[in-house]
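Here is what each chain is made of, one letter per residue.
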Amino acid sequence: TAQAQKRLEVIETLDTLGAGFQLASHDMDIRGAGNLLGEEQSGHIKEVGVELYQQMLEEAVAAARAGVDFDDLPSSDAWSPNINLGTSVLIPENYVEDLGVRMSLYRRLADLENDSDVEAFAAELIDRFGPVPTEVENLLDIVRIKQLCRIANVDKVEAGPKGAVIGFRKDSPPNLPGLMQWLQEARGTVKLRADQKLVAVRAWDSLPQRVRGTQTIMKQLADLTP
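Residues numbered from 1 in each chain as written. Predicted model: local features only at pLDDT ≥ 70, side-chain atom pairs only at ≥ 80, totals over all residues. Heavy atoms only, no water.

Draft legend 1. View of a nonpolar patch on the surface. Residues Leu176, Met180 and Leu192 make up a contiguous nonpolar surface patch of roughly 250 Å² in combined accessible area. Relative to the elements of secondary structure, Leu176 occurs in helix α9 (residues 176–185). Take Leu176: its relative accessible area is 44%, and that puts it in the partly exposed class. (Patch = residues over 30% accessible without salt bridge, like charges linked within 9 Å, V, L, I, M, F, W, Y side chains within 5 Å. Areas by Shrake-Rupley, 256 points an atom, 1.4 Å probe, with all protein chains shown as cover. Salt bridge = Lys/Arg side-chain N within 4 Å of Asp/Glu carboxyl O. Helix = DSSP H or I, 4+ residues; strand = E, 2+ residues; numbered from the N terminus. Buried < 20%, exposed > 50% of the residue type's maximum accessible area, 1.4 Å probe, protein only.)

Right, here's the structure in full:
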């Protein structure tokens, strides 16, 4: 296949010490970073999200260097929502050619804290590389949705053509009375299941509708937070 051919070409060029990391980076580039933000990535990253996984790895390395047990480290409240909208989210190679620059941009994306940061990041991309392609627009929208998820204490969102399923972190909405009032007002289109998951029934015929619709729902939930 064309993808297999591309992987073979990458392997052919990597014959130096440290090439394993470069190979892994190229492979992520070929598959797309969306797998890291969704559920298709195998291994521990799938379970906790890329940002939290990186933090846990840093803590484990620090514990090893200090000669202490990782379990003895103080617990952290950091967490990363898992977003799966079925969209292609990555920085394409034909948009940012240099692999190191792309990796740096991915790392910076994980540190954006609010919508102003995202807007500034998008403006920088346009200034440096030109108009952003659809994949990058999707990636920025996912970052915005993740920021809203943290405010609303939502740790998982899965969306498809017929709507979305939303799970709260530790099954604990931050404002239960406000949530119940919102559900009453949205009666017939949103319901709370017995497993504490929210189900929003929608007709999202296109991916842009799905992204915008999910972002709207998350904004409404975030606005309920005291």
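Draft legend 2. Local environment of α9. Those residues of α9 lying buried are Gly178, Leu179, Trp182 and Leu183. Burial along α9 is one-sided: seen end-on, the buried residues are contained in an arc of 140°. Exposed residues lying more than 90 degrees from the buried face of α9 are Pro177 and Glu185. Along its buried surface, α9 packs onto β3 (163–168), β4 (190–192), β5 (197–201) and α10 (207–223). (Arc of directions from axis to C-beta. Contact = heavy atoms within 4.5 Å.)

Draft legend 3. Quick look at the environment of Ile142. Assignment of secondary structure puts Ile142 in helix α8 (residues 134–152). Given the relative accessible area of 3%, Ile142 is considered buried. Ile142 sits 53 residues away from Val89 along the chain, and the two C-alpha atoms are 8.1 Å apart.

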